[in-house]
Amino acid sequence: MTAPGVVIAMPGNEQLAEELAIRLGLERGVATVRRFPDGESYVRIESPVDGRGTIIVCTLDRPDDKLVPLFLLAAALREAGARSVGLVAPYLAYMRQDRRFQPGETISAHHVGAWISQCADWLLTVDPHLHRITDLSQVCSVPAHAVHAAQSMAQWIREHVRDPLLIGPDEESAQWVGAVAQHALAPFVVLRKTRRGDRDVEVPLPDVERWRSRTPVLVDDIVSTARTMIETVGHLRQAGLAAPVCVAVHAVFAQTAFEDLRAAGAGEIVSCDTIRHPSNRIPLAAAIAAGVRTLLPA
Ligand code: R5P
């Protein structure tokens, strides 16, 4: 009988690794990942992986601290004889730098995708930020699968929000805000955000007069500085609507962004559990496990 595959968590990813192991009938592997006193990374595989398929679980928010140990861990797995190394990264970083916005910049999404393709045989992620790059195959040369959170988000909205009106902040969001709205059986509007800098975002006044009786639900893929949501919350409150529920796939929440959004008058703030955060309400382990199943050999 072939030994089952092995799931290994990078620090902080233990809960999802455990759930995937249970759902997929795989073994939980053990690895030490730590820093030397000088800040360099140390990794060591402690489970037998020779001839076995392996999966590393490592969400990639705050990626600069994670990419080096991730690459070393993948290398250690191969050197220990792993038959394959898959990567489950529920949040895939660097996808927003998908264009050379200013001369002299680089398209980080391409480079990070290339590094990941060097270390993993396949990649699974959740709703990657795909805009000017429209498909993961444009950044990854290995098989890559994107799990969509729309259905799970819609289910949460259906169960928790009365008469929702979904609001997407920009045209990029149109396709998937539309998908969430369709599953939630709710109307939606899409705004036209302009970003002038990291924390300088302009969102036009939404025309929501006819939706006054509904509960506004802002839906976005990533909340980072939260400026996009803060701007929109401000307009909606001024227009006399109820405190908007804010729903995001990826709760990056840089520095004080979560507190800032609350202080700006947001109602409940809710996220999927792709990045661990107090706002996590929408679990995706089942959807991620189903996605991983499609990438494993039959
Ligand atoms: C933008 O393209 C994304 O879809 C989000 O709207 C954006 O990342 C949100 O960023 P922030 O929270 O910094 O406004």
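Please read these numbers as outputs of a predicted model, since none were measured by experiment. Position numbers for residues count from 1 along each chain, tracking the sequence in the order it is written. Thresholds applied to this predicted model are a pLDDT of at least 70 for local features of residues and 80 or more for the giving and counting of side-chain atom pairs; totals over whole chains, interfaces and linings are not thresholded and use all residues. Values reported for side chains reflect all heavy atoms of the structure, with hydrogen atoms and water molecules removed beforehand.

A.B. asks: How do you make sense of the site of the ligand when you look at a structure like this?
C.D. replies: In the vicinity of the ligand lie 15 residues, with R96, D220, D221, T225 and T228 positioned nearest. Any pair of N or O atoms that falls within 3.5 Å is considered a polar contact. Within protein, one atom must be able to donate a hydrogen and the other to accept it, and sequence-neighbouring residues count only if both atoms are side-chain atoms. Within the contact set of the ligand, an oxygen atom lies 2.6 Å away from a side-chain nitrogen or oxygen of D220. T225 is positioned with one of its side-chain polar atoms (N or O) 2.6 Å from an oxygen atom of the ligand. For the area figures, the Shrake-Rupley method with a 1.4 Å probe applies, and any residue is considered shielded solely by the protein chains shown. With the chains in place, 95% of the 380 Å² that the ligand exposes on its own is no longer accessible. Those elements that provide at least two residues to the shell around the ligand are β13 (215-223) and α6 (227-238). Strands are runs of DSSP state E lasting at least two residues, helices are runs of H or I lasting at least four, and both sets are numbered from the N terminus onward. Among the elements that take part in the shell around the ligand, β13 stands out by supplying four residues, more than any other. Just so you know the grouping, Ala, Val, Leu, Ile, Met, Phe, Trp, Tyr, Cys and Pro go in nonpolar, Asp, Glu, Lys and Arg go in charged, and all remaining residues, Gly too, go in polar. Here the shell around the ligand is composed, by residue class, of three nonpolar, four polar and eight charged. One heavy atom suffices: a residue is near a molecule or strand as soon as one of its heavy atoms comes within 4 Å of it.

A.B. asks: When you look at the packing of aromatic side chains in this model, what are you seeing that I'm missing?
C.D. replies: Between two aromatic rings, the relevant description is the distance of the centres plus the angle of the planes. Pairing of aromatic side chains here covers Phe, Tyr and the six-membered ring of Trp, requires ring centres within 6.5 Å, and sorts the geometry by plane angle: under 30 degrees stacked, over 60 edge-to-face, intermediate tilted. If you walk through the whole model with that rule in mind, you get three aromatic pairs. Arranged with centres 6.3 Å apart and planes meeting at 85°, the rings of F71 and W115 form a pair that is edge-to-face. Separated by 44 residues along the polypeptide, F71 in helix α2 (residues 67-79) and W115 in helix α3 (residues 108-119) bring together distant segments of the chain. By relative accessible area, F71 is classed as partly exposed at 23%. Exposure classes here rest on a 1.4 Å probe applied to the protein chains alone. A residue is buried below 20% of its type maximum, exposed above 50%, and partly exposed in between. Look at W115 and you get partly exposed, because its relative accessible area is 40%.

A.B. asks: Please clarify how the domain arrangement of the protein should be interpreted in this entry.
C.D. replies: Reports of interface size often rely on the accessible area that becomes lost once the parts have come together. Assigned domains of the protein: these are domain 1 (6-148 + 284-295) and domain 2 (150-273). Summed over both sides, the interface between domain 1 and domain 2 buries roughly 1200 Å², with carbon and sulfur atoms accounting for 51% of that surface. Only one rule defines a salt bridge in this text: a Lys or Arg side-chain nitrogen within 4 Å of an Asp or Glu carboxyl oxygen. In this assembly, domain 1 and domain 2 are joined by zero salt bridges. Taken together, domain 1 and domain 2 are joined by seven residue pairs in polar contact (both at pLDDT 80 or more). Where each domain starts and ends comes from a domain assignment, either automatic or drawn from a database. Note on definitions: buried area is the accessible-area loss of two parts on being combined, 1.4 Å probe, summed for both.

A.B. asks: When you look at the sheet that holds strand β2 (residues 27-28) in this model, what are you seeing that I'm missing?
C.D. replies: Hydrogen bonds along the backbone pair up the strands of a sheet, which may run parallel or antiparallel. When DSSP locates at least two bridges between a pair of strands, those strands are taken to pair. Taking strand neighbours across the sheet as the criterion, the six strands line up as β2-β1-β5-β6-β7-β8 in an open arrangement whose pairing is parallel. Bordering the open sheet on either side are β2 and β8 (144-147), each of which pairs with just one other strand. A contact between two residues is defined here by any heavy atoms of the two lying within 4.5 Å. Working convention: axes come from line fits to C-alpha atoms, limited for helices to the stretch in contact. Angles between N-to-C directions cover 0 to 180 degrees. Packing of α2 onto the sheet brings it into contact with β1 (6-9), β5 (53-57) and β6 (84-89), and relative to β5 it is tilted by some 170°.

A.B. asks: What should I look at first to understand α3 in this one?
C.D. replies: Helical geometry note: an α-helix holds 3.6 residues per turn, so side chains three or four residues apart project in the same direction. Expected span, for any helix, means 1.5 Å times one less than how many residues it has. The end-to-end C-alpha distance of α3, which contains twelve residues, comes to 17 Å, matching closely the 16 Å that a straight helix rising 1.5 Å per residue would cover. Those residues of α3 lying buried are S108, A109, V112, G113, I116, S117 and C119. Viewed end-on, α3 has its buried residues packed into an arc of 165°, placing them on one side of the element. Directions are taken from the helix axis to each C-beta atom, and the arc is the one they span.

A.B. asks: Is there a simple way to think about the nonpolar core in this case?
C.D. replies: Nonpolar side chains tend to gather and get buried jointly when the protein is soluble and globular. Residues V88, M153, L166 and I288 are the most contacted members of the largest nonpolar core, which totals 43 residues. Each of domain 1 (6-148 + 284-295) and domain 2 (150-273) accounts for three or more of the residues forming this core. Not counting chain neighbours up to four residues away, the residues in contact with L166 comprise I157, V177, V180, A181, A186, P187, F188, V189, V217 and V219. In this text, buried Ala, Val, Leu, Ile, Met, Phe, Trp, Tyr and Cys residues form a nonpolar core when linked through side-chain atoms within 4.5 Å. Within the second largest apolar cluster, 36 residues are counted, among which are I45, I56, L67 and I222.

A.B. asks: Explain the sheet that holds β13 here, please?
C.D. replies: Spatially, β10-β9-β13-β14-β15-β16 is the arrangement adopted by the six strands of the open sheet, whose pairing is parallel. The strands lining the two open edges of the sheet, one partner per strand, are β10 (188-190) and β16 (280-282). Strand-to-strand twist of the sheet, defined as the mean angle between neighbouring strand axes without regard to direction, takes the value 35°.

A.B. asks: Before we go on, may I ask you to explain the side chain of S279 in this structure?
C.D. replies: Tracing the backbone through its elements, the reader meets S279 in the loop between β15 (269-272) and β16. A polar contact of 2.8 Å, which involves the side chain of S279, links it to the side chain of H277. Beyond its immediate sequence surroundings of up to four residues, S279 is in contact with A251, F253, F258, I269, V270 and S271.

A.B. asks: I keep staring at the environment of H145 and nothing clicks. Help me out?
C.D. replies: Mapped onto the secondary structure, H145 falls in strand β8. On the basis of relative accessibility, which here comes to 27%, the residue H145 falls in the partly exposed class. Residues H145 and V88 lie 57 residues apart in sequence; the distance between their C-alpha atoms is 9.6 Å. With near-sequence residues (within four places) excluded, H145 lies in contact with L123, L124, T125, L136, G291, T294 and L295.

A.B. asks: Looking at this model, I keep getting lost on the pattern of salt bridges. Mind explaining?
C.D. replies: When the charged atoms of two side chains with opposite charge come close together, those side chains can pair. Taken as a whole and assessed by the stated rule, the structure comprises twelve salt bridges. Across the pair E19 and R23 runs a salt bridge, and its minimum N-O distance is 4.0 Å. With E19 and R23 both in helix α1 (residues 14-24), this residue pair falls four residues apart, about one helical turn. Looking at E19, the relative accessible area reads 25%, which means it is partly exposed.

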